[in-house]
Amino acid sequence: MPNFDDVELGDEIGPMETEATDDGVEAFCRVWENRKPNRFTDSESATKVGLPGPIVPGIMAMAIMTRLLTDWAGAGALKDLDVVFRQPVPHHKPLTVTATVTDTRQEDGENLVECDVMLTGAEGERYVGGKAIIALPSSAD
């Protein structure tokens, strides 16, 4: 786990590389209790709503992004994640999650690190972008 005192503006977190598989999306939808068939699990349902194929649920894309941050800072460190969905996230394509530290501050007794976080594709596709706020311990804690 990083120490707040060692984090600097511009520090990079990641990259974390992954891929959303059909099986993974179907398992996520089962836990989420999202009934099949739907635009997340079925090609025909996806094309009926104008998509090229099944897509990753937005909440699953956020979970993928969260994993980068919690792997870096610890399970309870993420305070906020605010994202914008720029384009649908496809199945079976390489995905990369990265974050860049944009601010460090102490607020209400917490050591906060603000990051820009991005979920991108292998050809530079910008699928999901946003900001995260992470609380870290300092050396004085």
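The following refers to the structure shown. (Residues numbered from 1 in each chain as written. Predicted model: local features only at pLDDT ≥ 70, side-chain atom pairs only at ≥ 80, totals over all residues. Heavy atoms only, no water.)

1. Description of the packing of aromatic side chains
One pass over the structure, following the stated rule, counts two aromatic pairs. On the numbers, 6.0 Å between centres and 55 degrees between planes, the contact of F28 with W32 is tilted. A residue pair is termed a helical-turn pair when its members lie 3 or 4 positions apart in one helix, as F28 and W32 do in helix α1 (residues 22-32) at four residues. Assessed through its relative accessible area of 22%, F28 is described here as partly exposed. When the ring of W32 is compared with that of F40, the centres are 5.7 Å apart and the planes differ by 45 degrees; the resulting orientation is tilted. Using a relative accessible area of 37% as the deciding quantity, one classes W32 as partly exposed. Through pairs of rings, three or more aromatic residues link up here, namely F28, W32 and F40. (Phe/Tyr/Trp six-rings, centres within 6.5 Å; stacked < 30°, edge-to-face > 60°. Helix = DSSP H or I, 4+ residues; strand = E, 2+ residues; numbered from the N terminus. Buried < 20%, exposed > 50% of the residue type's maximum accessible area, 1.4 Å probe, protein only.)

2. Details of the environment of G121
Counting through the fold element by element, G121 comes out in strand β4 (residues 110-121). It is 22 Å that separates the C-alpha atoms of G121 and T102, two residues lying 19 residues apart in sequence. Not counting the four nearest positions on each side in its chain, G121 is found in contact with P94 and Y127. (Contact = heavy atoms within 4.5 Å.)

3. A closer look at the pattern of salt bridges
By the definition in use, this model includes seven salt bridges. For D116, the salt bridge identified is with K131, shortest N-O distance 2.5 Å. Of the two residues, D116 sits in strand β4 while K131 sits in strand β5 (residues 126-136), which places them 15 residues apart along the sequence. (Salt bridge = Lys/Arg side-chain N within 4 Å of Asp/Glu carboxyl O.)

4. Description of unusual backbone geometry
The omega torsion across G14 and P15 is 10 degrees, close enough to zero to call that bond cis. By the element assignment, P15 lies in strand β1 (residues 12-19). At H92, a position not held by glycine, the phi torsion is positive, near 60 degrees. Inspection of the secondary structure puts H92 in the loop between β2 (78-85) and β3 (94-107). Looking at H92, the relative accessible area reads 42%, which means it is partly exposed. In this structure, D108 is a non-glycine residue whose phi angle is positive, near 50 degrees. The exposure class of D108 is exposed, given its relative accessible area of 76%.

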